[in-house]
There are 10 protein chains.
Amino acid sequence: MSASGTSSGHPIATLDTSIVPRLPASSPTLFEAKKNKNLSFETIAKALGREEVAVAALFYGQARASPEDVKNLAKILELDESLLESQLSGYPDRGRQMEMPPKEPLVYRLYEIIQNYGYAYKAVLNEKFGDGIMSAISFSTKVEKETDEKGEWAVITLRGKW
Amino acid sequence: MSASGTSSGHPIATLDTSIVPRLPASSPTLFEAKKNKNLSFETIAKALGREEVAVAALFYGQARASPEDVKNLAKILELDESLLESQLSGYPDRGRQMEMPPKEPLVYRLYEIIQNYGYAYKAVLNEKFGDGIMSAISFSTKVEKETDEKGEWAVITLRGKW
Amino acid sequence: MSASGTSSGHPIATLDTSIVPRLPASSPTLFEAKKNKNLSFETIAKALGREEVAVAALFYGQARASPEDVKNLAKILELDESLLESQLSGYPDRGRQMEMPPKEPLVYRLYEIIQNYGYAYKAVLNEKFGDGIMSAISFSTKVEKETDEKGEWAVITLRGKW
Amino acid sequence: MSASGTSSGHPIATLDTSIVPRLPASSPTLFEAKKNKNLSFETIAKALGREEVAVAALFYGQARASPEDVKNLAKILELDESLLESQLSGYPDRGRQMEMPPKEPLVYRLYEIIQNYGYAYKAVLNEKFGDGIMSAISFSTKVEKETDEKGEWAVITLRGKW
Amino acid sequence: MSASGTSSGHPIATLDTSIVPRLPASSPTLFEAKKNKNLSFETIAKALGREEVAVAALFYGQARASPEDVKNLAKILELDESLLESQLSGYPDRGRQMEMPPKEPLVYRLYEIIQNYGYAYKAVLNEKFGDGIMSAISFSTKVEKETDEKGEWAVITLRGKW
Amino acid sequence: MSASGTSSGHPIATLDTSIVPRLPASSPTLFEAKKNKNLSFETIAKALGREEVAVAALFYGQARASPEDVKNLAKILELDESLLESQLSGYPDRGRQMEMPPKEPLVYRLYEIIQNYGYAYKAVLNEKFGDGIMSAISFSTKVEKETDEKGEWAVITLRGKW
Amino acid sequence: MSASGTSSGHPIATLDTSIVPRLPASSPTLFEAKKNKNLSFETIAKALGREEVAVAALFYGQARASPEDVKNLAKILELDESLLESQLSGYPDRGRQMEMPPKEPLVYRLYEIIQNYGYAYKAVLNEKFGDGIMSAISFSTKVEKETDEKGEWAVITLRGKW
Amino acid sequence: MSASGTSSGHPIATLDTSIVPRLPASSPTLFEAKKNKNLSFETIAKALGREEVAVAALFYGQARASPEDVKNLAKILELDESLLESQLSGYPDRGRQMEMPPKEPLVYRLYEIIQNYGYAYKAVLNEKFGDGIMSAISFSTKVEKETDEKGEWAVITLRGKW
Amino acid sequence: MSASGTSSGHPIATLDTSIVPRLPASSPTLFEAKKNKNLSFETIAKALGREEVAVAALFYGQARASPEDVKNLAKILELDESLLESQLSGYPDRGRQMEMPPKEPLVYRLYEIIQNYGYAYKAVLNEKFGDGIMSAISFSTKVEKETDEKGEWAVITLRGKW
Amino acid sequence: MSASGTSSGHPIATLDTSIVPRLPASSPTLFEAKKNKNLSFETIAKALGREEVAVAALFYGQARASPEDVKNLAKILELDESLLESQLSGYPDRGRQMEMPPKEPLVYRLYEIIQNYGYAYKAVLNEKFGDGIMSAISFSTKVEKETDEKGEWAVITLRGKW
């Protein structure tokens, strides 16, 4: 195993094999290589020039890889490019990797925010933008870490076209 | 009706009466006063010194009002303070105002983000913070509006203690 | 009752009172007036300069009325404008008037089309437009009637921004 | 891989292997050949003289292939005709390829249209055609692309016998 | 109460008030009059010249009354014709009077037949009629009673256009 | 493949392999032999002296085969009798071959009839037979085809002991 | 309140008003009178000459009252006979008083027995009676109390026609 | 196959292979041996000195085998004792062999009894035993057959500690 | 309002009126009196000589009040004893005050513990006690508060008969 | 098999293979070694210096193993450390090993406690701690056995950060 890993010192994220039947063929290919080379999403994201969350979504089959992404992924993960190209050529069949409501506590917390604040977001968004919708497609998102005297804070930003 | 309203020029948000049976007694009281006085959450939030989303959540019975909030609300909404105090005295019974999955398209988009990106967020958060969880309670959130040549963008920020 | 009605000779559509608890306050107001004046959605749509389906959606609380719509509705339905303005001032809380899967056979047929052709639409849309989504918001729809030797055909057109 | 592909320049649609257990034996046969020969549904539809959506539905096991379709498919996909004949000989067991509500965002948008406009369609159809139903079986559908200054528009037409 | 009743000697069917919230306004009107006059569906069906099951369906808001039906119903039930006309003027919003799976044992037995024999019916229908569907709309149904040495038999016939 | 087939000229019904995991071991055995010998349920039913629907139900594991049925099936399908005897020896574990509500449009139509007419059947049956139930077990059913100037009609008869 | 009550010394069973909306009109009438007169089901059952469980089922609208039952009930409960006759004249709409799975712990235990022993009962019943079914309609049931050194035992007997 | 079988003359119960994935490893082992030796649960129960239903439950993984049971089972089924000991050593993970509501008609009838009589049992049990619960664990159950002029009756007895 | 309240300085718990339709008649009576007299469960529990959680459960209709509890409650809450006796006389119809999974975040955390640790508890309990069950009826529970340098800790103890 | 086992004399807990598809790869590895070496969770917990429930949760993939845990587990279970390290390197994907509501009676009892006492816990916790939440993450739990004249009692303690 290489000396890489995450910059935070925490171990890298790997794939729980029990969800593989819900994922496209590319997911185990990508996660296995990630594990073998001990690469964080941060490192891979830099190599691809994309946001970490987008890259993780791509690994879970939730985002489409551009031909350039395929090339870069093959390189950093030391995978056969034509295999990767073949496995990543389809259009993502999104949303099926997870049952809702989510059972995973960390993901459930995000779900709970929508459950509790859903109408509050709608009311404030309507007052700011009028009737309409925030796109979940023409959309970007990122995760950041802030530290203060109270400890560590996770900051998630969602930015969507109205 | 007063000359107030929202700074965006869009009408203020009001309460759909068909969800009243799922809400605490305080919700129709608050929303009716808000409508009568034509006040936006932005205006009310300034008067309370709190975030707009938190105030909207309070109106939907999802957040607890401090004694000071009660006082300020009574004042800006011209409501009887003791009535408000009585209706807002309980601990919020959160999460029941909405069926999940949300049917409202705007709220569904937020839900869909969790459904599609749930595991991606978890993977990136784990690599940054280790095993653990982002609190949905010791938590703040805000909505901002950005405008560029492509149009308007809604930016939602979630900030939770790890 | 007036001498109006539908141009097809079929009776006008009215509101089943048993779904009223799921609708905003404006729905019974609008439908009652429509029934009293025996007006079809075709007639009302012409008076508003909008598509019939959009007007029916507005009656069911699924679409937002512009100030001009309110004025026109009050006029053609002979309703008090300020009452209508008050009832229609909110942002629609969409999607709650119906349980899914729909039990109504006519609506179920539309649902069944999505169930059976969903992936086929996706495949063809992806090949024509690439990865992305057809907006259900920046969207218009209409219903037309065609007649040929085999009988009557309903033609529904959905037109959404990619 | 051949020089064919789609006329739009977008990659062709392929099959996500994780839904194979819900599909008849013919689906992986057909999709694999389509991928190997890099053919769009547009090209295959022309060779069969059928609508693109109908052909995609046939690939997903949602439509029945006529003996002529089998012959044409075998030819354009360079597949053994008797294998194809055997795999396509049954009557389609429709509707099982997808969980409802759909999790795929693109398909969800179509579902959401039914959820929000269901009663509006019913009301307008009833006023135009009287009590009755639009057939989802004696039915055709197509997808078209329109382009104007605002961008690309997807136009879906449903035409069903009343 | 009149001397009528059923020809079988069994009491007439009445309405369980606990399902009224799921029914249109016409249902309690019709059932109350039926109970007051102690009329069976057989008697009412004869007066209307329709099948018993169709009349019962009309009482439950599942079938549309023609203007002639309204006239005949008003007469035999001694109801105000204009009230009946108003309550029966809408298009039926079918299917909502019952939760599925049915909890009522008698109705459950019919549901169980579909559950157990569904694919068997499909296979036999396909072999007799080819691919297609039996209409549940252009459709008639009746209930008959046969008696033999083993006891009484209920015979239900469904006849639908292919 | 033999020259047999259906008397209607339509192809025979075969088994969609994707439902095999829900069926007993006998189902693929029986359906494969049926396909290889190109036999309709009509032909097999004659050889067994039973109703077509009952035979189709037996193929789907929903009905019990008598020792005589086993003998006759082995003969007409040219299957090893002891294999068949072993696979058909258990008591049917009925009802699991299908999810409810049915997604198959043809089967859904039958389900919809129960959903819409359930209470109507109950009311008429109660008036004819008193309180009680129609057996779904001591029960027979058949499918017939009628043709008139309007086209083909499917007639399904259910006959159950009260 | 009278000096009656139960022979066991335990208080009588009364009706939780929160389930009234799921019950026929007769249920609150009967339970209120039972409470006012402080009568146990044992006492009422004796007066009617029926099993206690059957009488309790009648109170919950799950069993049909014969004309004689109505007479006896009116007498022992001191209720107006014609009111009772009117409220009890319909055919029971069974099964709707309870959500399944039951949340009530005592009822859940019975449900759990079916969940855990369902297949075991089926296997033993099939070996004793062959293929078939135990009627839940031509059926009687009783509850008895046994006491031994280990304490009290509830003994429930179900007796159904095969 | 031996000359044993059931004393009733009906065939023995065997295992539907399609539910194997929900059962522990011991179930197919036990059922296969039972089938090969053609033994009824009655015969096996006698050899073990336990109730038939308890033995059937043990075969379905719903009851725990004592070391003595293992010895007796190995002997009567001619199975390797150490294999059986290993497969039966765990604590039963009860309740997962069946979906609820049960689709099997015979098991559904038992479920329906709970659904219809649940509150009636509770009321009678409460009046006899006071507030409390009947154990579904410290519990025994048996199935008996009674025959009278009306035919065969299945009698199921549940006996649980209060 | 009296000078009582909680010993912790936090406000007392009151009843969210939107769940009243799921509760017995006693719940609003009790909670209203508690609010009017500003009493904590701690204070009431002391007056009754019972655990706080048991008293709160009694208020929510989940536990049975003894005649002595009724007397004490009437006294401390200054309620009419005969009214209270009448409202509390029934046997609790437990479990219906809450939908599962719980939407309330605080209650969800408890639910999540069961979801995540369920099998772990079972494994450890089985190793300590053998096969069997922990009673949720012959059962007591309490909540305690511990404070250390890391802050406040809630300690919940469940004690059930094996 | 070694002479170890549990100190209670009850057999050790093993893994029901039918839930393996829901578990991470580490679970069958760990449970198989535990069974082969006949070790109780008590013994393993001592070797790891952790609570029994936490260790059982780790075996079911619900808790994260520290590098030290991995080392200790490899030693006591005589497993290859690098295999274990690889299988345990991911972040737990919690909550998916069990369907909710739990069907297992022992686990259901815990679930039922939450269902029945949920609001009672919330009310008491709110009065003791104010508005907020008990962490299910910064959380520890243990199981103890108490014995008195009434028999054995299971005592479960949950301790969570407020």
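What you are looking at is a predicted structure, and each value in this text was computed from that prediction instead of being measured. (Residues numbered from 1 in each chain as written. Chains lettered and ligands numbered in written order. Predicted model: local features only at pLDDT ≥ 70, side-chain atom pairs only at ≥ 80, totals over all residues. Heavy atoms only, no water.)

Asks: Got a minute to help me understand the overall build of chain A in this structure?
Replies: A tally of regular secondary structure across chain A gives 6 helices and 2 strands. Dimensions of chain A, computed from the C-alpha atoms along their principal axes, are close to 50 × 40 × 30 Å. Residues counted as buried form 63% of the 162 residues belonging to chain A. Here the contacts in chain A between residues at least 6 apart in sequence split such that 54% fall between residues at least 24 apart. Carbon and sulfur atoms provide 48% of the accessible area of chain A, an area that totals close to 5900 Å². When the 20 basic and 22 acidic side-chain charges of chain A are each reduced to a single mean position, those positions are 3 Å apart. (Helix = DSSP H or I, 4+ residues; strand = E, 2+ residues; numbered from the N terminus. Buried < 20%, exposed > 50% of the residue type's maximum accessible area, 1.4 Å probe, protein only. Contact = heavy atoms within 4.5 Å. Areas by Shrake-Rupley, 256 points an atom, 1.4 Å probe, with all protein chains shown as cover. Lys, Arg positive; Asp, Glu negative; His and termini not counted. Charge placed at Lys NZ, Arg CZ, Asp CG, Glu CD.)

Asks: I'm lost on the domain arrangement of chain A in this one. Help?
Replies: Where interface size is given, it is often the accessible area lost as the parts come together that is meant. Each assigned domain of chain A is listed with its residue range as follows: domain 1 (17–88) and domain 2 (105–160). On a C-alpha basis, the centroid separation for the pair domain 1 of chain A and domain 2 of chain A is 26 Å. (Domains from an automatic or database assignment.)

Asks: Whenever I open this one, the pairing of strand S1 (residues 139–148) of chain H confuses me. Can you help?
Replies: Sheet faces and side chains relate simply in a regular strand, where the side chains alternate between the two faces. Residues and elements named next belong to chain H. For S1 and strand S2 (residues 151–161), the ladder comprises 10 bridges, and the chain directions are antiparallel. Residue pairing in the sheet places Glu146 in a bridge with Trp153 of S2. Where S1 folds back on S2, the antiparallel hairpin that results is connected by 2 residues. (Pairing = 2+ DSSP bridges.)

Asks: Would you mind going over the sheet that holds strand S1 (residues 139–148) of chain E with me for this structure?
Replies: What holds strands together in a sheet is hydrogen bonding between their backbones, with the strands either parallel or antiparallel. The strand order across the open sheet built from 4 strands is S1(E)-S2(E)-S2(F)-S1(F), with neighbouring strands paired in antiparallel fashion. Only two strands of the sheet have a single neighbouring strand rather than two, namely S1 of chain E together with strand S1 (139–148) of chain F. Each adjacent strand pair in this sheet contributes to an overall mean axis angle of 20 degrees, direction not counted. Against the sheet, helix H6 (residues 105–129) of chain F engages S1 and strand S2 (151–161) of chain E together with strand S2 (151–161) of chain F, with an angle of about 40 degrees to S1(E). (Axes fitted to C-alpha atoms, helices over the stretch in contact; angles between N-to-C directions.)

Asks: Any chance you could explain the interface of chain D and chain F here in plain terms?
Replies: Counting residues at the interface gives 19 residues for chain D and 14 residues for chain F. Together, the buried faces of chain D and chain F total about 1300 Å²; carbon and sulfur atoms form 45% of this surface. Put simply, chain D and chain F have 0 salt bridges between them. Counting the contacts that link chain D with chain F gives 5 residue pairs in polar contact (both at pLDDT 80 or more). Of the residues assigned to the side of chain D that touches chain F, the class counts are 9 nonpolar, 4 polar and 6 charged. (Buried area = accessible area lost by both parts, 1.4 Å probe. Salt bridge = Lys/Arg side-chain N within 4 Å of Asp/Glu carboxyl O. Polar contact = N/O pair within 3.5 Å; in protein donor to acceptor, adjacent residues only side chain to side chain. Nonpolar A, V, L, I, M, F, W, Y, C, P; charged D, E, K, R; others polar.)

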